[in-house]
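Chain residues, written in single-letter form:
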Amino acid sequence: MAVEETRIIFKHIDRQGYTNGIDCYERHGGYAELKKAVGMEPDAICAEVMESGVRGRGGAGFPAGMKWKFLDRKSGKPIYLVCNADESEPGTFKDRQIIYKDPHQLIEGMMITAFAIRAKLAFIYIRGEFFEGARILERAIEEARAKNYLGDNILGSGYSCDIIVHRGAGAYICGEETGLIESLEGKRPYPRIKPPYFPAALGLYQCPTIVNNVETLCNVKHIVNMSGKVFAEIGTPGNTGTRIWCVSGHVRKPGYYEFPCAALTLGELIYDICGGLLPGRSLKAVIPGGSSSKILRADERFKGKLRDGTEFDWGINDIPMDFDSLSAVGSMSGSGGVIVMDDTTDIVEALANINYFYAHESCGQCTPCREGVQWMKKVTYRMCNGAAREEDVELLRSIAGQIEGRTICAFGEAASWPVQSFLAKFNDEFVAKAKAQAARNASGEAVETTLI
Amino acid sequence: MSETKQLETVTVNVDGVEHAFPKGMNLVDAVASIGSEIPHYCYHPKLSVVGNCRMCLIEMGMPMRDRATGEALLDADGKPKIGWMPKPAIGCATTVAPGMHVKTNSPLVRDCRNGVMEFLLINHPLDCPICDQAGECRLQEFATDYGRGYSRYTEAKNVKPKRTRIGPRVMLDDERCILCSRCIRFSKEIANDDVLGFIDRGSYSTLTCFPGKQLENNYSLNTVDICPVGALTSTDFRFKMRVWFLKQVDSICTESSVGANTEVWSREGKIYRVTPRRNDEVNDTWMTDSGRALYQLAEAENRLLRYAVDGQPSSFEAAIAASLDALKGRRLGIVASAHASLEEQFLLKRIVEVTRARVFMAYHQGEGDGILLSEDRSPNLRGALLTGLIDSLPAVDLSALDQALTAGELDSLLVIHEDLSALGVSADNLAKTKVVFAGTHSNATSEAAQVVLPTLTVFERAGSFVNQNFRAQRFKSAVPGPQGIASDLTLLETLAALVVGETPTHPDVNTVWQSLSVANPVFAGLDYNGLGSMGVALEPGPLAELPFVETRNLKYNPR
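Residues numbered from 1 in each chain as written. Chains lettered and ligands numbered in written order. Predicted model: local features only at pLDDT ≥ 70, side-chain atom pairs only at ≥ 80, totals over all residues.

A. The arrangement of the overall build of chain A in detail. Of the regular secondary structure elements, chain A holds 16 helices and 13 strands. Viewed in the frame of its principal axes, chain A has a C-alpha envelope of about 80 × 50 × 45 Å. Classification of the 452 residues of chain A by burial places 56% in the buried group. Across chain A, every contact between residues at least 6 apart in sequence was considered, and the portion connecting residues at least 24 apart equals 73%. (Helix = DSSP H or I, 4+ residues; strand = E, 2+ residues; numbered from the N terminus. Buried ≥ 20, exposed ≤ 12 C-beta atoms within 10 Å, placed from the backbone. Contact = placed C-beta atoms within 7 Å.)

B. Looking closely at the pairing of strand E19 (residues 412–416) of chain B. Residue and element names in this part refer to chain B. Of all 5 residues making up E19, 5 are buried, and the element is well covered by its neighbours. Burial along E19 is two-sided: Ser412, Leu414 and Ile416 and Leu413 and Val415, pointing in opposite directions, are all buried. As judged from the 4 bridges shared by strand E17 (residues 332–335) and E19, these two strands associate in the parallel manner. Bridge pairing in E19 links Val335 to Val415. Note that E19 and strand E20 (residues 434–439) share 5 bridges and pair parallel. Residue pairing across strands places Leu414 opposite Val436, the latter belonging to E20. (Pairing = 2+ DSSP bridges.)

C. Layout of the environment of His28(A). With respect to the secondary-structure elements, His28(A) resides in the loop between helix H1 (22–27) and helix H2 (32–37). On a C-alpha basis, the gap between His28(A) and His12(A) in space is 8.4 Å, while along the polypeptide they are 16 residues apart.

D. Layout of the interface of chain A and chain B. Opposite the 24 residues of chain A that make contact, chain B presents 24 residues. Sort the elements by how many residues they give to the side of chain A that touches chain B and helix H14 (residues 367–384) of chain A lands first, with 9 residues. Of the residues contributing to the side of chain A that touches chain B, the split by class is 9 nonpolar, 9 polar and 6 charged. (Nonpolar A, V, L, I, M, F, W, Y, C, P; charged D, E, K, R; others polar.)

E. Fine view of the domain arrangement of chain A. All names here are of chain A. In terms of domains, chain A is made up of domain 1 (22–233), domain 2 (238–342) and domain 3 (347–443). Computed from C-alpha coordinates alone, the two centres of domain 1 and domain 2 are separated by 28 Å. On the side of domain 2, 18 residues touch domain 1, which itself brings 18 residues to the contact. (Domains from an automatic or database assignment.)

F. Region of the structure containing the environment of Pro86(B). All names here are of chain B. Mapped onto the elements, Pro86 comes out in the loop between strand E4 (82–84) and strand E5 (89–90). Taking the number of C-beta atoms within 10 Å as the measure of exposure, Pro86 has 6 and is therefore exposed. Considering only alpha carbons, one finds Pro86 and Glu59, 27 residues apart in sequence, at a separation of 8.7 Å.

The following block contains the structure:
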């Protein structure tokens, strides 16, 4: 029996007749939570968010309430709130839906958050490619300002805060929160070294700053609505609330689907919700949380212990879709971008494609990422262009190992994890490709160039 | 002064050995202070920390504490248990902390360095045979220590601009650049001239000047010094000489009263370049481009190379005899110089005393830049005050001398270095006076002089200067002077002795300092060698209250 979707964030999105204007939003009960929130103590809202256990939806899955708690309030400097709307992880397309189709939900969530952390000013850093999204947000902010949901003395509460929309210029690294802050300050988005530049203490303009994902901020609205305690009952302990899974690849019905954490398994998501694979195909692999998460092979058995001590022995279809289970099987839920690959996929080409992306997006600040990721791209490209060598597998493994954990930001991991996991799980295919190409080259046959 | 102040220290375990370091010290500097090294490229002690080269990755751990009680956890031996960080940390962004443990040479650390070195070299042109940096290149040095010895890289290397002239004195080769951003940070943070930046992304990142801008500030050559590789080279020094053939001698810059500490690089008596030498009390690790160019004066066209009497070449003895004739028994004026060393000024003061000459001096001034070029464009004005050659700040020109000459109060002049006609003395007055000129370069005054006594430049003699902060600093002779020219000290001592009929000795800086330390309590207990390479801060007493012309600069705070 198929699991039913539980839409909280996406409750109205794509419903017939639902528009992104403020009137429609208010008709559907919009801004009620902001009205409720401004009557609450800011600390009480923070406590609700803490109790809700909501984890960041941007990729790292860090508890949002904890993040807010780290804010340096002693410095006396202004506090800033930044919404990270630079959604760029390949395979992820949830924040765009919110921005385009329900911008007021984000604005309401942001204003509640801003009120709770006592932010002086809030920013939405929106991905450069979302031209229309930026326009929609600008218009929505004007609408909200006209109704005093933001601006001076919000709803008579005495609290004032505004939102500034800042468009990026199309760089993945701007999604890294300190890179985003640098970009917002008008500089190259070179991520900062941590320590000492933790945003909660030394963020935007060296002031305490909270950077949250679009979906996370929307969750704040619903936490105020249903209370942290009720929110925490959705999902499982440690994996609360719903998650929006963006399914792409070789399924019949790709798209975004919202479910409580752990409400369904990866198999249910692929076969029941997304209509399964194309006829005659079989599952080869799944990347469960955006392109930087580690790949899962279809015929693997996943054994181990969960954090609470329960032992598990899962096939790929049995993995519950939540933060902890996906991390227990050696990958991560990341940004929720589920990329499904069937047996027609050339795994070397898939990796070459991913490597191309990361080589293109490496900011170039620190040595291992700048040089290593480009090198990995060149090697995998060569492998796809008829000059694969058997030693390339070991070479790639070694390069990835020289990057992981040695860079300024998590981009180093994001770029090396795919390589490491592809090699670990599909070593045979890499070796087979090298052998086939060596034989082909020796026989004088035409060079195989498969990559577009 | 504050050198005796007790600094708070913290104990850090470096590779199993406990060391005490001053609190707040950077780990890279701390490890350097115990004679070891954490390899690094982007870190520079005088610039902000960016941590981009990743060469200084080390393993770091702190004593573990019980979460509930906060008490230190101990292992079986009763020693604190160390919680090692799961990932290597960069040394340059690590500040020493009590109980900290670091491993600077563990297998993981060496593996990190090997990895970073391999990455830095894959797109590097490896053109050491034609690279000016060879011999003083950190990339070469660490490649020897941590390089693989062969390349696993079979792909095409990136192509970037080569031989770009980014300023009048600096040449850029982008393929050699390792993107450490030291030059960018220097231009922004020290030179206050933000003209450099990166364009493009990832491994195509390229250093360049802002559109329409050039790296042309007076500190541009410091970027060449701090460039750890051969990306930035000096257009003046480029392709002139391999650095390993050059001899380095400590010297002091004579451009202004800042007295930047320098190194003079020479081979077989020829100077090839001058670079700054670190002194945190004086110039940190920087100096001006204009100060570096002064070495060219040693081989200038108008250098005085021969003793001359009445325009005819003569011997040293004959020139001395002619000088004595002008000095003795006349109404003598002496034009002293703030470019002369402390020792020379001291000897000149003796001549002043025995000849009862009137002393004149000019205060050479120019515009300061607030960094390392001060308004006082002489290296040793304070020395002239301390030796008693003058007792107040001189005027900017020599109009007082001109008046005295016009009034016929003086018969002859002994001029050290100065060009009188450029300082307000009329040609008529100069023509009617007997002039003995001692200096390094010819000018209108030396042309008019009856006796010309060539002297040595700062690069050819030894001595000391007292800088804007009354810091006595010594300079050494880097190259021999032109053949047959006596040192300034010998010249002055000979004149001073012969004026009173004594037999001249052959003084050197040490013997002069023996007299100097007795003559003025400011110098008591000091000698030339005792100044050391970093100099000694003097206690000038009330002299410090004089209205000196310097305004605030990197190391000078006017009272």
